[in-house]
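Survey of secondary and tertiary structure
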Amino acid sequence: MKMGARQGLLVIVAIITSLYGCSRQEKIKLPPGWVRVERSDLGFELGLPKKPKEDQMNLRGLTATALTCEEDGVSFIVFYMKSPKPLDTLSKKKDALAGFTDSIIKGGHKVLNEREISRDNVVGREFLISTQSPQVMKIMVFANDKGMFTLTTVCAREKIASPDIEMFFDSLRLK
């Protein structure tokens, strides 16, 4: 049986898709005991080591949502604040991220590492921050069309590369 170039390419794509999945937007695979949190109204899905506590607050007229839980000495925090005006351009998103960076520095925290990131075509920044206590914070902040979104862990420095922390950050899907 003779196969054309197009058919051969389709076969290769089918094999790769079956082996590796078709996109990052697939449902996240979580370890036993972890909880999937999906908020389509806020545009995200992620995993947490246990059911989070949810708080809604009003910050200067803006609605914010915080999801928090603690496991094995690590605090896991998800924070989302809706923007009063859509962040519908790359420039607006980068300005919002710059404002977040400025607030960290003004807060007196020492930034140990900072880099630009993106997840699911959403721009962001990642920080490793030293606090005044013997703990560190790893923060990922993103700006999508609806507002600002952060994932934060707070823990002892030796735990910052733990599998649970990596799973938390890797589980994030933005829509």
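Residues numbered from 1 in each chain as written. Predicted model: local features only at pLDDT ≥ 70, side-chain atom pairs only at ≥ 80, totals over all residues. Heavy atoms only, no water.

**A few points about unusual backbone geometry**
The cut-off we apply is this: Only protein chains enter the accessibility calculation, which uses a 1.4 Å probe. A residue is then buried if its area is under 20% of the maximum for its type, exposed if over 50%, and partly exposed in between. Strands are runs of DSSP state E lasting at least two residues, helices are runs of H or I lasting at least four, and both sets are numbered from the N terminus onward.
For Asp-72, which is not glycine, the phi torsion reads 50° and is therefore positive. Under the relative-accessibility criterion, Asp-72 is labelled exposed at 55%. The phi torsion at Asn-121 lies on the positive side, around 65°, for a residue other than glycine. The residue Asn-121 is located in the loop between β6 (110-119) and β7 (122-130) in this model. Of the residues examined, Asn-121 reaches a relative accessible area of 82% and is grouped as exposed.

**A look at the sheet that holds strand β9 (residues 147-156)**
Rules: One requirement defines pairing of two strands: DSSP has to find at least two bridges between them. With axes taken as lines fitted to C-alpha atoms, and helix axes fitted only over the stretch in contact, angles between N-to-C directions fall between 0 and 180 degrees.
Taken in spatial order, the seven strands of this open sheet run β3-β4-β5-β9-β8-β7-β6, and their pairing is antiparallel. Pairing within the sheet leaves two strands with one partner each, and these edge strands are β3 (53-59) and β6. Going from strand to strand, the sheet's axes swing by 15° on average, the running direction of each strand aside. Two elements, strand β4 (residues 62-71) and strand β5 (residues 74-82), share eight bridges in a ladder whose sense is antiparallel. Each residue of the ladder has a partner; that of Cys-69, found in β5, is Phe-76.

**Overview of the pattern of salt bridges**
For clarity, the threshold we go by: Every case where a carboxyl oxygen of Asp or Glu lies within 4 Å of a side-chain nitrogen of Lys or Arg is listed as a salt bridge.
Applying the stated criterion to the full structure yields seven salt bridges. Linking Asp-55 and Lys-53 is a salt bridge whose minimum nitrogen-to-oxygen distance equals 3.7 Å. Among the ionic pairs, Glu-166 bridges to Lys-138, the shortest N-O distance being 3.7 Å. With Glu-166 in helix α3 (residues 163-170) and Lys-138 in strand β8 (residues 135-144), this residue pair connects regions lying 28 residues apart in the sequence. Under the relative-accessibility criterion, Lys-138 is labelled buried at 12%. The structure contains a network of salt bridges with shared partners spanning Glu-114, Glu-116 and Arg-125.

**Focus on the sheet that holds strand β10 (residues 173-174)**
With antiparallel pairing, the three strands of this open sheet are ordered in space as β1-β2-β10. In this open sheet, the two strands that pair with only one neighbour each are β1 (35-39) and β10.

**Remarks on the packing of aromatic side chains**
What counts, and what does not: Side-chain rings of Phe, Tyr and Trp (the six-membered ring for Trp) are treated as a pair once their centres are within 6.5 Å; stacked means planes under 30 degrees apart, edge-to-face means over 60, and tilted covers the remaining angles.
Within the structure shown, the criterion is met by five aromatic pairs. Centroid distance Trp-34 to Phe-76: 6.5 Å. Interplanar angle 75°. Geometry classified as edge-to-face. Of the two residues, Trp-34 sits in the loop between α1 (5-20) and β1 while Phe-76 sits in strand β5, which places them 42 residues apart along the sequence. Here Trp-34 matches Phe-76 in class, with each residue buried. Ring centres of Phe-76 and Phe-168 lie 5.2 Å apart, and the angle between their planes is 80°; this geometry places the pair in the edge-to-face category. Linking Phe-76 in strand β5 with Phe-168 in helix α3, this pair joins segments that are 92 residues apart in sequence. Through pairs of rings, three or more aromatic residues link up here, namely Trp-34, Phe-76, Phe-168 and Phe-169.

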